[in-house]
Every structure is written in C-alpha cells, then in structure tokens.
Amino acid sequence: MARELTPFDITLLRKLAPECEDLICNGTRTEFRSILPPLANHYSTDEQDFVNRLSRLNDDEFTYLVGEIRNGHESVGCISPLYFSTLLDLVTERLSKRVSQELVSIYENDEGCG
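Computed from a predicted structure; not experimentally measured. (Residues numbered from 1 in each chain as written. Predicted model: local features only at pLDDT ≥ 70, side-chain atom pairs only at ≥ 80, totals over all residues. Heavy atoms only, no water.)

A.B. asks: Can you walk me through helix 5 (residues 81–94) in this structure?
C.D. replies: Along an α-helix, residues three or four apart share an orientation, since each turn contains 3.6 residues. Here helix 5 contains 14 residues, and its C-alpha end-to-end distance of 20 Å stays within 8% of the 20 Å for a straight helix at 1.5 Å per residue. Looking at helix 5, one finds that the buried residues are Tyr 83, Phe 84, Thr 86, Leu 87, Leu 88, Leu 90 and Val 91. Residues of helix 5 that are buried make contact with helix 2 (36–43), helix 3 (47–54), helix 4 (59–70) and helix 6 (97–109). (Helix = DSSP H or I, 4+ residues; strand = E, 2+ residues; numbered from the N terminus. Expected span 1.5 Å × (residues − 1). Buried < 20%, exposed > 50% of the residue type's maximum accessible area, 1.4 Å probe, protein only. Contact = heavy atoms within 4.5 Å.)

See below:
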C-alpha cells in the first residue's frame with residue numbers, strides 16, 4: 001500500500017497535523033507514504049485527538065481519504081485497533097455503516113506495518 005504522497009495528500013496531512021514540518025518519519029527516517037499512520041502514530045495524542053483531527057476534513061476531503069483506503073492506496077495496518085475504531089465511528093457517521101464494514105474487512109486483511 002505504500003505510495004508517494006501527492007500534493008493534495010500533503011495538503012491533507014498538513015491540515016490534519018499542522019505541526020508536521022517535514023514528511024519524514026522520525027523512527028525510520030523514511031518519507032511518509034500514507035496520511036493516517038503518521039496522523040495516528042506521530043501527531044495524535046490519543047483516540048479523541050485523532051478523531052478531532054479527522055473531523056477537520058470537509059466532506060470531499062474525508063470521502064477522498066476513505067476512497068484511498070478502499071482502493072488500497074492508504075495504509076491502515078499500522079493504526080492501532082483503538083484508533084481504527086474511532087475512524088470507523090466517524091465513517092459510519094459521515095458516510096455509511098456499509099462503508100464502515102468494508103473498511104473493517106480491509107483492516108483485517110491488511111498485513112500491518114512492514
């Protein structure tokens with residue numbers, strides 16, 4: 001699922017994590033290849049902060065990000081189950097229960113961080 005972030009992806013990441021000064025993971029010293037793992041693992045202080053940050057996205061931006069998960073471009077395997085659960089709640093609220101269930105399947109089949 002690793003990809004090169006587009007300018008739009010970078011804009012979203014910086015909207016979600018304005019403190020993001022560069023696009024380098026401090027742990028691996030590699031460029032971020034997704035939006036959600038750095039948001040969950042590097043910038044959010046807890047699950048509520050994670051969902052609050054995701055709530056900054058307008059409907060089009062949120063739908064785009066969920067679409068990137070659905071088409072396999074956005075990684076979710078490195079997100080803890082607690083953070084993923086809050087994402088699912090937001091997806092159910094903003095999109096639909098059906099989309100949320102689809103994401104559960106994607107999460108369960110993701111090979112994780114690798």
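Past the structure itself, the notes keep going.
A.B. asks: Please explain the packing of aromatic side chains as it appears in this structure.
C.D. replies: Aromatic ring pairs are reported here in terms of the distance separating the ring centres and the angle at which the planes meet. Considering all chains together, one arrives at three aromatic pairs under this definition. Aromatic pair Phe 50 and Tyr 83: ring centres 5.2 Å apart, planes at 65 degrees, arrangement edge-to-face. Remark: Tyr 83 occurs in helix 5 and Phe 50 occurs in helix 3; sequence separation between them is 33 residues. Summarising the burial analysis for this pair, Phe 50 and Tyr 83 share the class buried. Relative to Tyr 107, the ring of Phe 84 has its centre 3.9 Å away and its plane inclined at 10 degrees; by these criteria the two rings are stacked. Here Phe 84 is found in helix 5, whereas its partner Tyr 107 is found in helix 6, with 23 residues between them in sequence. Across this residue pair, the class does not change: Phe 84 and Tyr 107 are buried. (Phe/Tyr/Trp six-rings, centres within 6.5 Å; stacked < 30°, edge-to-face > 60°.)

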